[in-house]
Amino acid sequence: GQQLNQSPQSMFIQEGEDVSMNCTSSSIFNTWLWYKQDPGEGPVLLIALYKAGELTSNGRLTAQFGITRKDSFLNISASIPSDVGIYFCAGTRSYNTDKLIFGTGTRLQVFP
Amino acid sequence: DGGITQSPKYLFRKEGQNVTLSCEQNLNHDAMYWYRQDPGQGLRLIYYSQIVNDFQKGDIAEGYSVSREKKESFPLTVTSAQKNPTAFYLCASKPGTGIYGYTFGSGTRLTVV
């Protein structure tokens, strides 16, 4: 099955820095979702995007649905230690399916 | 509070034994899913069920089996035919059609020795 390409694979940053990560696909996606997974837990939904060009914020998090519909970006501003975890993008290629395709994840470490 | 419960959190089994992972939800969700997660990889779909008594294979169904006898329960059996069963297994559910409301359980880490 297809998986989305997510980069970077891992990031090590200092508290207070901004973070950017992205997700790309060779085919068009109709929805993009961003999840965060804490160690040993299930993913939790952060932001959902439903149309090309959409820019949505959730606190310090901002995500965008790429104009080409083949990519999405997640930015975290002013990182804090509790931002540590794995961030996954996910999406669907068709409006007629509810099966999510997941990215490979970006592992974020935040140092005080 | 409503949610998805996966049990146990950690499971150890000997090679060649079948093992069943539990997934229960009290969200009244119609659809339920099983994913496998390996280090450095995204989630891969094993099986899913959109209604009771019906389920479909996902991308990596070989060596796994499921049942959906009740709306709230979707157990996954990892059989001896699964060549590399050690992994983190996640169950998810959602209300109906579309992607709105996808909710994950906290996972079961299976180690086969």
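Our subject is the structure listed above.
Attention in this report is confined to the structure presented alongside it. Position numbers for residues count from 1 along each chain, tracking the sequence in the order it is written. Written order determines the labels here, with chains lettered from A and ligands numbered from 1. Local features in this predicted model are restricted to residues of pLDDT 70 or higher, and side-chain atom pairs are both shown and tallied only at a pLDDT of 80 or more, whereas totals for entire chains, interfaces and linings draw on every residue. Where side-chain values are given, they derive from all heavy atoms of the structure, hydrogens and water being excluded.

1. A few points about the environment of Val52 of chain B
All names here are of chain B.
Thinking step 1. Relative to the assigned elements, Val52 resides in the loop between β5 (43-51) and β6 (54-57).
Thinking step 2. With relative accessibility at 31%, the residue Val52 sits in the partly exposed group.
Thinking step 3. Taking the C-alpha atoms as reference points, Val52 and Lys71, 19 residues apart in sequence, are found 5.5 Å from one another.
Thinking step 4. Note on contacts: a residue pair is in contact if any heavy atoms of the two residues lie within 4.5 Å. Excluding its chain neighbours within four sequence positions, the residues that come into contact with Val52 are Arg68, Glu69, Lys70 and Lys71. In this description a helix means any DSSP run of H or I spanning at least four residues, a strand means any run of E spanning at least two, and both kinds are numbered starting from the N terminus. For each residue, the accessible area found with a 1.4 Å probe, counting protein chains only, is set against the maximum for its type, and the residue is called buried under 20%, exposed over 50%, and partly exposed in between.

2. As for unusual backbone geometry
Thinking step 1. In this chain, Ser7 of chain A is followed by Pro8 of chain A through a cis amide linkage whose omega measures -5 degrees.
Thinking step 2. Positionally, Pro8 of chain A belongs in the loop between β1 (5-7) and β2 (10-14).
Thinking step 3. The omega torsion across Ser7 of chain B and Pro8 of chain B is -10 degrees, close enough to zero to call that bond cis.
Thinking step 4. Relative to the assigned elements, Pro8 of chain B resides in the loop between β1 (4-7) and β2 (10-13).
Thinking step 5. Look at Asn28 of chain B: it is not a glycine, yet its phi comes out positive at around 60 degrees.
Thinking step 6. Its identity as a non-glycine residue notwithstanding, Asn53 of chain B has a phi of 65 degrees, on the positive side.
Thinking step 7. As for its placement among the helices and strands, Asn53 of chain B is situated in the loop between β5 and β6.

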